[in-house]
Every structure is written in C-alpha cells, then in structure tokens.
Amino acid sequence: MGKTMSTSRLKVDKARCEGHALCAQNAPDIFDIGDDDLAVWVEYPPEGTEKEVRAAIAACPRQAISLFEES
Ligand code: SF4
C-alpha cells in the first residue's frame, strides 16, 4: 500500500473554497465549516483517515483541497 498519513499535511485553498461542505460530509473527522462559512480542517490528518481524506478531496467541487507529503 501507499504512504502513511503521518507526514501528510492537508491544505485548503480558501480563495477557491465556496463552503459547500462536501468535504465535511465525506470526512467529518477532518473537515468542518467555520464561522466564515469556509472550510476548517485538521492540518495533519491522523493515520487511518486516509480514505475519508481522499473522498473529501474527490468530492470538493472547487478542487480546493490538496495533500502534501512532508519529509
Ligand atoms: S468541499 Fe471544497 S469548496 Fe466545499 S467547503 Fe470543502 S473545501 Fe470548500
């Protein structure tokens, strides 16, 4: 299987985000909608959440979510 999530860093481009909350629906442990009606998120998703993180990335209609490998 692929890399673990332990060094993966999650980022949302707030300039692209439109607050549709599809990320929060697909990965409720990782994403929420903040007071500004845009996504808030766990910057370092814990191991075991890769599947929901990937689902959220795929679901975002604005392609606003990206995942970086930090090494
Ligand atoms: S799905 Fe995308 S556009 Fe919608 S709230 Fe989440 S990051 Fe923002």
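Look a little higher up for the structure.
Bear in mind that the values here come from a model prediction, so they are computed numbers and not experimental data. (Residues numbered from 1 in each chain as written. Predicted model: local features only at pLDDT ≥ 70, side-chain atom pairs only at ≥ 80, totals over all residues. Heavy atoms only, no water.)

Remarks on the pattern of salt bridges
Here is step 1 of the chain: In this structure the tally under the stated criterion is 5 salt bridges.
Here is step 2 of the chain: R9 is the partner of E70 in a salt bridge, and the nearest nitrogen-oxygen pair spans 2.8 Å. Separated by 61 residues along the polypeptide, E70 in the segment after β4 (65-69) and R9 in strand β1 (residues 8-12) bring together distant segments of the chain.
Here is step 3 of the chain: One salt bridge connects R62 with E18, and the closest N-O pair in it is separated by 3.6 Å. With R62 in the loop between α2 (50-59) and β4 and E18 in the loop between β1 and α1 (22-26), the pair connects residues that are 44 residues apart, well separated along the chain. (Salt bridge = Lys/Arg side-chain N within 4 Å of Asp/Glu carboxyl O. Helix = DSSP H or I, 4+ residues; strand = E, 2+ residues; numbered from the N terminus.)

Brief notes about the site of the ligand
Here is step 1 of the chain: Lining the immediate surroundings of the ligand are 14 residues, of which C17, H20, A21, C23 and C60 lie closest.
Here is step 2 of the chain: Of the residues assigned to the shell around the ligand, the class counts are 10 nonpolar, 2 polar and 2 charged. (Near = heavy atom within 4 Å. Nonpolar A, V, L, I, M, F, W, Y, C, P; charged D, E, K, R; others polar.)

Focus: the side chain of T49
Here is step 1 of the chain: Along the chain, T49 falls in the loop between β3 (39-41) and α2.
Here is step 2 of the chain: Only 2.6 Å separates the side chain of T49 from the backbone oxygen of P46, close enough to count as a polar contact. (Polar contact = N/O pair within 3.5 Å; in protein donor to acceptor, adjacent residues only side chain to side chain.)

Description of the nonpolar core
Here is step 1 of the chain: Residues V12, F31 and I65 are the most contacted members of the largest nonpolar core, which totals 15 residues.
Here is step 2 of the chain: If you list the elements that add at least two residues to this core, you get β1, α1 and α2.
Here is step 3 of the chain: When neighbours within four sequence positions are excluded, I65 is seen to be in contact with L10, K11, V12, C23, F31, A56, I57 and C60. (Core = buried A, V, L, I, M, F, W, Y, C linked by side-chain atoms within 4.5 Å. Buried < 20%, exposed > 50% of the residue type's maximum accessible area, 1.4 Å probe, protein only. Contact = heavy atoms within 4.5 Å.)

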